[in-house]
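One letter stands for each residue in the lines below.
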Amino acid sequence: MLRVRRVAYAGAIMVVGLTGCAASAETTPTATPTATPTATATTSTTATTTATTTATATPAAKRPSIAVQLNPDRVTAGETSKVWILANCPVPSGGPAHTGTATSKAFINGVPLNPVPAGSASPTATGTPANGSPWVRGEATVSGTVKRGSYTVDVKCDGTNDVGKATIKVVRAEAEPTGVPTKAPRAGGGGTFGRDVDDESSIPLGPAGALVALVLVGGAVVVAKRRSRA
């Protein structure tokens, strides 16, 4: 009888163990598929939000170029020349100076641009731009070694970072006209008048020559009469 009870207890323990294992096996697979879809959905939502934000971004507005003038706007190759640069730089606010800088491959170096003083007699800009900003200017030097061609002049306003540009042309010298006499004509009458002293020419016979001839003839007549009396 004791042996039968032991066998029954052992069977009951085995049933309880198998039931626990079955319950564990059914619980473990259920947790894994539930966590994975949640993470995937969150990532997709974040990616969609980022893509939407990037697509709807608005580009920054570009500033219009400032007016730039050159005086003169063309120079002769082979000659060192001076050129005035005038730029319509806006007046900065908050402390920066109202200045600018001009650069070009045709210039010997960079050119500082300063406000045009009132009542200045130096070259001034022609016309007034729409924004009505004051002009700044500076004088550049173009070397005589610069080759012929067109060169860009870049201007930057130091206080506001506004920019503008113009073009300067280096051209060849104009050829001198042909057929023009190198010496002025001599003044005076015709014939041999006005010739150089060393020119080989005979003395022209005129009224003075006739008078000399008459004097000589008269002298010869007087001498002949004296000899006949003697």
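Procedures and definitions
Every chain's residues receive numbers from 1 upward, in the order its sequence appears when written. Local features in this predicted model are restricted to residues whose pLDDT is 70 or higher, and side-chain atom pairs enter the listing and the counts only when it is 80 or higher, whereas totals over whole chains, interfaces and linings include all residues. To get the side-chain values, take all heavy atoms of the structure and skip hydrogens and water. The criterion for a disulfide is a pair of cysteine sulfur atoms lying within 2.5 Å. Numbering goes from the N terminus for both helices and strands, where a helix is a DSSP run of H or I of at least four residues and a strand is a run of E of at least two. Working definition: with a 1.4 Å probe on protein chains only, accessible area under 20% of the residue-type maximum means buried, over 50% means exposed, and in between means partly exposed. As used in this record, nonpolar core signifies buried Ala, Val, Leu, Ile, Met, Phe, Trp, Tyr and Cys residues forming a set joined through side-chain atoms within 4.5 Å. By the convention used here, residues are in contact when the closest approach between their heavy atoms is within 4.5 Å. On a scale of 0 to 100, pLDDT captures the predictor's confidence in every residue. Any pair of nitrogen or oxygen atoms within 3.5 Å is treated as a polar contact; in protein, a donor-acceptor pairing is required on top of that, and neighbouring residues in sequence qualify only through side-chain atoms on both sides. By the convention used here, strands pair only if DSSP detects at least 2 bridges between them. Here, axes are lines fitted to C-alpha atoms. For helices the fit covers the stretch in contact, and angles between N-to-C directions go from 0 to 180 degrees.

1. What about the state of the cysteines?
Here is step 1: The tally for this structure, following the rule as stated, stands at one disulfide.
Here is step 2: Two residues share a disulfide in this structure: Cys-89 and Cys-157, whose sulfurs sit 2.1 Å from each other. Taking the torsion about the sulfur-sulfur bond, which here is approximately -90 degrees, the covalent link between Cys-89 and Cys-157 counts as left-handed. Residue Cys-89 is found in the loop between strand E3 (81–87) and strand E4 (100–103), and its partner Cys-157 is found in strand E7 (residues 149–157); the two are separated by 68 residues along the sequence. An identical accessibility class is assigned to Cys-89 and Cys-157; each is buried.

2. Topic: the nonpolar core
Soluble globular proteins: nonpolar side chains tend toward being buried together.
Here is step 1: Grouped together as the largest cluster of nonpolar side chains are 24 residues, with contacts concentrated most on Ile-85, Ala-87, Phe-107, Leu-113, Val-155 and Ile-168.
Here is step 2: Contributing elements (two or more residues each) for this core: strand E1 (68–71), E3, strand E5 (111–115), strand E6 (136–142), E7 and strand E8 (163–171).
Here is step 3: At four residues, the largest contribution of residues to this core is made by E7.
Here is step 4: The contacts of Leu-113, once residues within four sequence positions are left out, are Ile-85, Ala-87, Thr-99, Gly-100, Thr-101, Ala-102, Val-136, Arg-137, Gly-138 and Val-155.

3. Re the confidence of the model for the protein
Here is step 1: Averaged over all residues, the pLDDT of the protein equals 72, while 49% of them reach at least 70.
Here is step 2: Counted against residues more than four places away or in other chains, residues 25–57, with its pLDDT under 50, gives zero contacts.
Here is step 3: Long-range and interchain partners of residues 196–201, a stretch whose pLDDT sits below 50, account for two contacts in this model, where long-range means more than four residues apart.

4. Some details on the environment of Thr-99
Here is step 1: By the secondary structure assignment, Thr-99 is in the loop between E3 and E4.
Here is step 2: Among residues more than four places away in sequence, those in contact with Thr-99 are Cys-89, Leu-113, Asn-114, Cys-157, Asp-158 and Gly-159.
Here is step 3: In terms of polar contacts, Thr-99 uses its side chain to reach the side chain of Asp-158, at 3.0 Å.

5. Quick word on unusual backbone geometry
Here is step 1: Each neighbour pair has its own omega, and for Asn-71 with Pro-72 the value is 0 degrees, a cis peptide bond.
Here is step 2: With a phi close to 65 degrees, Asn-161 is a non-glycine residue in the positive phi region.
Here is step 3: Relative to the assigned elements, Asn-161 resides in the loop between E7 and E8.

6. Regarding the environment of Ala-97
Here is step 1: Its location among the elements puts Ala-97 in the loop between E3 and E4.
Here is step 2: Contact partners of Ala-97, with chain neighbours within four places excluded, come to Pro-92 and Gly-159.

7. Some thoughts on the pairing of E8
Here is step 1: Side chains Gly-164, Ala-166, Ile-168 and Val-170 of E8 all project onto a buried face; the interleaved residues Val-163, Lys-165, Thr-167, Lys-169 and Val-171 project onto a face where none is buried.
Here is step 2: Where strand E2 (residues 74–76) and E8 come together, three bridges link them in parallel fashion. Directly across from Arg-74, in E8, lies its bridge partner Lys-169.
Here is step 3: Here E7 pairs with E8 via eight bridges, running antiparallel. Within the sheet, the bridge partner assigned to Lys-156 lies in E8 and is Val-163.

8. Some words on the sheet that holds E3
Here is step 1: Pairing in this open sheet of eight strands is mixed, and the strands run E1-E3-E6-E5-E4-E7-E8-E2 from one edge to the other. Because the sheet does not close on itself, it has two edges, and the strands there are E1 and E2. Taking each pair of neighbouring strands and ignoring which way they run, the sheet shows an average axis angle of 25 degrees.
Here is step 2: In the sheet, E3 pairs with E6 via seven bridges, with the strands oriented antiparallel. Across the sheet, Ser-81 pairs through a bridge with Val-142, a residue of E6.

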